[in-house]
Amino acid sequence: MKFVEEFRNKEIAAGLIRRIEESLGGRQVSLMEVCGTHTMAIQRFGLRSLLPKNLKLLSGPGCPVCVTPNELVDLAIAYAMKQGVILATFGDMAKVPGSSTSLLKAKAAGGRVQIVYSTMDAVKLAEENPDKQIVFFGIGFETTAPTIAAAILQAEQNGLRNFFVVTAAKTIPLAMEALLQGEVRIDGFICPGHVSVIIGSNAYRHIAEGYHAPCIITGFEPLDILQAAEMLVQQVRDGRADVENQYSRVVHEDGNAAARGILEKVFEARDANWRGIGVIPGTGLGIRSEYARFDAQVQIPVETEKTVENKLCICGLVLKGAKEPTDCRLFAKRCTPENPVGACMVSGEGACAAYYKYH
Amino acid sequence: MTTTADRILLGHGSGGKLMHDLIREVMVREFGGRGKLLDSAILKFPSQNLAFTTDSYVVRPLFFPGGDIGKLAVSGTINDLSVVGARPLFLSCGLIIEEGLEMSVLQKVIRSMQRTAQKAGVRIVTGDTKVVEKGSCDGLFVNTAGVGYAERFFDEEIRVGDEIVVSGTVGDHGMAILAAREDFGLETTLRSDCAPLNGLVQTLKPCFSKIRLMRDPTRGGLATVLNEFVEGTNHGILLDEERIPTKKAVRALSELLGLDPLYVANEGRVVIVCAEGTGEKLVSLMRKHPLGKQSVVIGKVVTDYPGKLCMTTQAGGTRILDMLVSDQLPRIC
């Protein structure tokens, strides 16, 4: 496969690892991969087993399912149980436990939950069910958020009156800053590849400059990630903090202007609650008042149950990189992919699920 | 003539003349029934060592690249018998038909069942037909049960040093079905590997004593079957990702959808655990059969990783291949 298998070459990987070791010297370095797809790729290709022990890879809050707080899961469940509403969601979200139940369990109890593969499937669902209100559970980062915006614009163009969105969409760069202000030592970021396609490499400049944190944008194949690690370790060795783009075959400095255009057209920055991390100002994407007729929370009021969090679950600390999944008392005991307690065990890109699956 | 009806009616399952004629004119005629129809098939069986299995088939769509529900139902049961070491002899055919199914579709499926059975040297000797109201099933469901015999069945504990052999590319069936079913707007050349494997398995006869276990990795794919082999034992299995054969189209579609072909269903492959040093011999025998051309040794039983299935990745790292909880879901971000 072109542009895939060339990036999995064992010999080149071994060379990169040797160079990482040389640049590291005896230093202890902690890098954070912010994107869940990187977390998965690192596990899938067994990269931790290849890297030197004094290079630590922390998994950040880069899975949109994992960072969606209980209160929004409860809200989606309330919509699923409401007469006349079909709740459309991506598959992984259906399994995430809310305060007392999940969308999947709510479905078994008579709630109407439809799993969709894309935002446009949700629009189609609205067209096919004119007598129902379709509420789409819009999770995602800058990668998915433009498709949520596009769905709203499509619904407007098609004159749909029964398509609504609960937006749980979030943006990444300010969350990275919040992590740098926290208690966990992060020597550099492996920046998300897909998100960067949209926002561009320039979006990380203030992080590199303002916090002296090197940022490398990279792809999802093993050689991408290893090369990013090498570039980061070199920056740490040299005392530099630059934004470098290893993923230049896909990511441009300014990102994708068209996608950013529709994002800005439909959404505005709001504060957002990140599971386990708390409210990070300006990292949420709320629907602008011009599009309020698509905003489920404005148009279809529902009552939700009182939010309850499991006190033993350390998803929040895992998402911040402060703890590893294996540090959790629930990990692989009470919390498993069959019976998840925290969201990080649910999503294919959750750190706990990735550890469980590949470790 | 009742079978001139275009579509299946509820009456075709009623026990009356409609059903009688349908069974005679479609099933019995195709399957080559002989003499009087009794309530049971009465058969001569050559052995006291009997293997017996059953499976139900609910695949959607009924016809897919490389096969159809009929071919699948016959192959699947033949394969379940073959991989325990048995020679399959007789099958049953239970049909649950949705009212309104086109008669030509039913005929096509029955013909495909007979063709597959005939090619495999197996007879379909008994059956049952039910018709349910429209909406109560999805077109056509098929159940087949089968019996076979063997002098010895493959049922041994795996041991350290044993080798793992697979008979061809993995993930073909599941990916072909997925590509045919879901509206991805993709055109692929993928075909299901669906085929009866009794012939392939019998080519291994000179090495039967070296075979510990054999399975056909259907739902859950190669990784799930190998997990079942090591579960609860004191040793692990280590695979070499680079040796596992996969079609380019399967790999590409998997990458696109975020699926792992090692967990995707096969319907015409066997995976074998055999004694140390015998893998290559098995491979050379299997490669002489048209269904085993891409046979290869893909790994071995090791003392490390007790109870686990692990794999050396293309990039040189090592990872665990765990049992999946349920279906794989496409990626969301």
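Please read these numbers as outputs of a predicted model, since none were measured by experiment.

**Describing the overall build of chain B**
Here is step 1 of the chain: Secondary structure summary: chain B contains eight helices and 13 strands in total.
Here is step 2 of the chain: Its C-alpha atoms give chain B a radius of gyration of 21 Å, within 12% of the compact-globule value 20 Å for 333 residues.
Here is step 3 of the chain: With the C-alpha coordinates of chain B rotated into their principal frame, the extents come out at 65 × 55 × 35 Å.
Here is step 4 of the chain: Residue burial in chain B is summarised as follows: out of 333 residues, 47% are buried.
Here is step 5 of the chain: Long-range pairs, those at least 24 residues apart, make up 84% of the contacts in chain B with a sequence separation of at least 6.

**Things to note about the interface of chain B and chain A**
Here is step 1 of the chain: Tallying the contact residues gives 19 residues for chain B and 31 residues for chain A.
Here is step 2 of the chain: At the level of secondary structure, the elements contributing two or more residues to the side of chain B that touches chain A comprise α7 (248-257) and β13 (318-320) of chain B.
Here is step 3 of the chain: When grouped by side-chain class, the residues that make up the side of chain B that touches chain A number eight nonpolar, five polar and six charged.

**Brief notes about helix α6 (residues 221-230) of chain B**
Residue and element names in this part refer to chain B.
Here is step 1 of the chain: Across the 10 residues of α6, eight count as buried, placing the element largely inside the fold.
Here is step 2 of the chain: Looking only at α6, the buried set comprises Gly221, Leu222, Ala223, Thr224, Val225, Leu226, Phe229 and Val230.
Here is step 3 of the chain: Buried residues along α6 sit against β7 (163-166), β8 (211-215), β9 (236-240), β10 (271-274) and β12 (309-312).
Here is step 4 of the chain: Of the residues flanking the end of α6, it is Gly232, one or two places downstream, whose phi is positive at about 75°.

**Section: the sheet that holds strand β4 (residues 87-98) of chain B**
Residue and element names in this part refer to chain B.
Here is step 1 of the chain: Pairing in this open sheet of four strands is mixed, and the strands run β1-β6-β4-β5 from one edge to the other. The open sheet has two free edges, formed respectively by β1 (50-57) and β5 (123-132), since each of these has just one partner strand. Direction aside, neighbouring strands of the sheet carry axes that sit 15° apart on average.
Here is step 2 of the chain: Bridge analysis of β4 against β5 gives nine bridges, and the strand direction is parallel. The residue bridging Glu98 from the neighbouring strand is Val132, located in β5.
Here is step 3 of the chain: Contacts from helix α2 (residues 69-82) reach β1, β4 and β6 (140-149) within the one sheet, and its direction differs from that of β6 by about 30°.
Here is step 4 of the chain: The sheet contacts of helix α3 (residues 103-120) involve β4, β5 and β6, and relative to β5 the element is tilted by about 160°.

**Some words on the domain arrangement of chain A**
All names here are of chain A.
Here is step 1 of the chain: For chain A, the assigned domains are domain 1 (1-311) and domain 2 (315-358).
Here is step 2 of the chain: Averaged C-alpha coordinates put domain 1 and domain 2 at centres separated by 17 Å.
Here is step 3 of the chain: Opposite the 29 residues of domain 1 that make contact, domain 2 presents 20 residues.
Here is step 4 of the chain: Residue assignment for the side of domain 1 that touches domain 2 shows that the elements contributing at least two residues are α2 (36-44) and β2 (55-59).
Here is step 5 of the chain: Here the residues of the side of domain 1 that touches domain 2 sort into 14 nonpolar, 10 polar and five charged.

**Focus on helix α3 (residues 70-81) of chain A**
Residue and element names in this part refer to chain A.
Here is step 1 of the chain: With 12 residues, α3 ought to run about 16 Å at 1.5 Å a step, and its terminal C-alpha atoms sit 16 Å apart, in line with that.
Here is step 2 of the chain: Along α3, nine of the 12 residues are buried, which leaves the element largely enclosed by surrounding structure.
Here is step 3 of the chain: Looking at α3, one finds that the buried residues are Asn70, Leu72, Val73, Leu75, Ala76, Ile77, Ala78, Tyr79 and Ala80.
Here is step 4 of the chain: Elements that come into contact with the buried residues of α3 comprise β3 (85-89), α5 (103-108), β4 (113-115), β5 (133-140), β6 (163-169) and α13 (296-299).

**Things to note about the sheet that holds β8(B)**
Residues and elements named next belong to chain B.
Here is step 1 of the chain: Ordered in space as β8-β10-β7-β11-β9-β12-β13, the seven strands form an open sheet in which the pairing is mixed. Strands at the two margins of the open sheet, each flanked by one partner only, are β8 and β13. Within the sheet, the average angular offset between the axes of one strand and its neighbour, ignoring direction, is 25°.
Here is step 2 of the chain: Inspection of the sheet shows β12 paired to β13 by three bridges, in the antiparallel sense. Pairing of Cys310 across the sheet is with Ile320, part of β13.

**A look at the domain arrangement of chain B**
Residues and elements named next belong to chain B.
Here is step 1 of the chain: Partitioning chain B into domains gives domain 1 (2-149) and domain 2 (163-320).
Here is step 2 of the chain: Computed over C-alpha atoms only, the centres of domain 1 and domain 2 are separated by 29 Å.
Here is step 3 of the chain: Counting residues at the interface gives 23 residues for domain 1, matched by 22 residues for domain 2.
Here is step 4 of the chain: Of all the secondary-structure elements, those providing two or more residues to the side of domain 1 that touches domain 2 are α2, β4 and α3.
Here is step 5 of the chain: A per-element tally of the side of domain 1 that touches domain 2 places α2 first, with nine residues.
Here is step 6 of the chain: Its residues assigned to classes, the side of domain 1 that touches domain 2 shows 10 nonpolar, eight polar and five charged.

**With respect to the packing of helix α1 (residues 17-31) of chain B against α3(B)**
All names here are of chain B.
Here is step 1 of the chain: Axis separation between α1 and α3 bottoms out at 9 Å; the angle between their running directions is 15°. On the basis of their axis angle, the class for α1 and α3 is roughly parallel. The interaxial crossing formed by α1 with α3 has right-handed handedness. Counted together, Val26, Met27, Glu30 and Phe31 of α1 and Leu106, Gln107, Ile110, Arg111 and Gln114 of α3 form the full contact between these two elements.

How each quantity is defined
- Residues numbered from 1 in each chain as written.
- Chains lettered and ligands numbered in written order.
- Predicted model: local features only at pLDDT ≥ 70, side-chain atom pairs only at ≥ 80, totals over all residues.
- Helix = DSSP H or I, 4+ residues; strand = E, 2+ residues; numbered from the N terminus.
- Rg over C-alpha atoms; globule rule 2.2 N^0.38 Å.
- Buried ≥ 20, exposed ≤ 12 C-beta atoms within 10 Å, placed from the backbone.
- Contact = placed C-beta atoms within 7 Å.
- Nonpolar A, V, L, I, M, F, W, Y, C, P; charged D, E, K, R; others polar.
- Pairing = 2+ DSSP bridges.
- Axes fitted to C-alpha atoms, helices over the stretch in contact; angles between N-to-C directions.
- Domains from an automatic or database assignment.
- Expected span 1.5 Å × (residues − 1).
- Parallel < 35°, antiparallel > 145°, perpendicular 65-115°, else oblique.
- Left-handed = near helix turned anticlockwise from the far one by under 90°.

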